[in-house]
Amino acid sequence: MGKTEPNIRYGLPLLLGSLLTLVVGCSEQKSAGAAAPQMPPPAVEVVTLQEQTLILTDLLPARVTAYRSAEIRPQVSGIITKRFFEEGATVAAGDKLYQIDPTLYEAALASAKAQLAVAEANAYAAKLKAERYKKLSRNASISEQELDDSEAAAKQTEAQVQAAKAAVRSAQVNLSYTEITAPIPGVISRSNITEGALVSAQQANPLTTIRQLNPVYVDIQRPAGALMAMKSTGLSRDVTVELDNGTAYGEVGQLQFADVSVDPGTGTVNVRALFQNEDSVLLPGMFVRAKVPNTRLENALLIPQKAIIRQGSAVTTAMVVNSDNIVEMRVVEVSRAVGDQWLLKHGLQAGDRVIVNGIQKVQTGIPVTPEDVTDRNAATQG
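The following refers to the structure shown.

Moving on: the side chain of R272. Within the secondary structure, R272 sits in strand 12 (residues 268-275). For R272, a relative accessible area of 18% puts it in the buried group. Every residue in contact with R272, bar those within four places of it in the chain, is listed here: T65, Y217, V218, D219, Q254, L255, Q256 and F257.

Written out as structure tokens, the structure is:
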């Protein structure tokens, strides 16, 4: 027992020293943790609003019309002996389409030529007689009445020659009409008759139809109130169309003219645009939707749709980064969509930086690290 007491006496200070060192170490660790740096401001992507000249367009119903269309009808009667075209093929002006039996018309032409020969012979005889009577009248061998009668007969036979020539010309025209040719170039439709069919001059039903598809017209029904905008010299006359399935047609057309009357039932005016239709995608009768220039805005502001926040109270807002890189909320008003952007009416101005990505990470009044993606956004638009 005597040896144990000194060990306790000398060991107690060592234990207290160790505890003190442990407490001091914990305090230093807590102080080091309190001095740790804060998290950096969240990174966001912003677009800087810029004023630009903007052409607003209207999406309107329209219908394709052939540039030229010809219904083929016979001009003389007869039996169709042959057809010379393939249905659905492209034909040129002057191409032969049908042949009508020419036998009767060839005979009529021969008869007209024979009658002309008779008339010319009669005219020759009458002319000789009139010249002879004129010489005899100089020495009073015939009366003045006989001279007058001979000259009148000569003129009458000359008129008969002219009538006979007209009959020959008419017979030649009728014979040429037995060959039915294409009056315009274009795509020919199906034939409504076959060889051996009897056709009549000026019949109601066409034999076939030719439509010129390069170019074509697109007839657009436009509100009458928009006609004044069409007369603006600064407004583009370019027109684009969407097919019935929503596919955009790549070619750009040009406005041609507008009707001078308004449809009283719809209050619209027919406006016509011309498309070259080189690939023949647009067909007559096809319904399309046409984008027509409506208004030219000189200082328009467009804001990406993903930058707009619609509140539950129907208030529209956008998050803006100010010059100190602090987030602010602005109440804005937009009018219409232009692609994937909104046309801004008021609430923002040129130079404002609106947040387009990272909105969910920020709130009003906090600092952020903005990255300007205006050029990238413009490239996407283009």
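Tracing the chain through its elements places N322 in the loop between strand 16 (316-321) and strand 17 (327-331). For N322, a relative accessible area of 18% gives the class buried. Polar side-chain contacts of N322 include one of 2.8 Å to the backbone nitrogen of I326. Once residues lying within four places of it in the same chain are set aside, the contact partners of N322 are E328 and R353.

Below, the discussion takes up the packing of aromatic side chains. Tallying each qualifying case throughout the model produces three aromatic pairs. Across the ring face of Y217, the terminal group of R272 is positioned such that the distance to the ring centre comes to 4.1 Å. Its end group placed over the ring of W342, R310 keeps NZ or CZ at 5.3 Å from the ring centre.

On to the sheet that holds strand 14 (residues 302-304), then. What the three strands build is an open sheet, ordered 14-19-18; its pairing is antiparallel. The sheet terminates laterally at strand 14 and strand 18 (333-338), the two strands that pair on one side only. Sheet twist, expressed as the mean angle between neighbouring strand axes with direction ignored, is 40°. Where strand 18 meets strand 19 (residues 341-346), four bridges bridge the pair, whose relative direction is antiparallel. Across the sheet, residue V338 finds its bridge partner in strand 19, namely Q341.

Parameters at a glance
Residues numbered from 1 in each chain as written. Predicted model: local features only at pLDDT ≥ 70, side-chain atom pairs only at ≥ 80, totals over all residues. Heavy atoms only, no water. Helix = DSSP H or I, 4+ residues; strand = E, 2+ residues; numbered from the N terminus. Buried < 20%, exposed > 50% of the residue type's maximum accessible area, 1.4 Å probe, protein only. Contact = heavy atoms within 4.5 Å. Polar contact = N/O pair within 3.5 Å; in protein donor to acceptor, adjacent residues only side chain to side chain. Phe/Tyr/Trp six-rings, centres within 6.5 Å; stacked < 30°, edge-to-face > 60°. Lys NZ or Arg CZ within 6 Å of the ring centre and 35° of its normal. Pairing = 2+ DSSP bridges. Axes fitted to C-alpha atoms, helices over the stretch in contact; angles between N-to-C directions.

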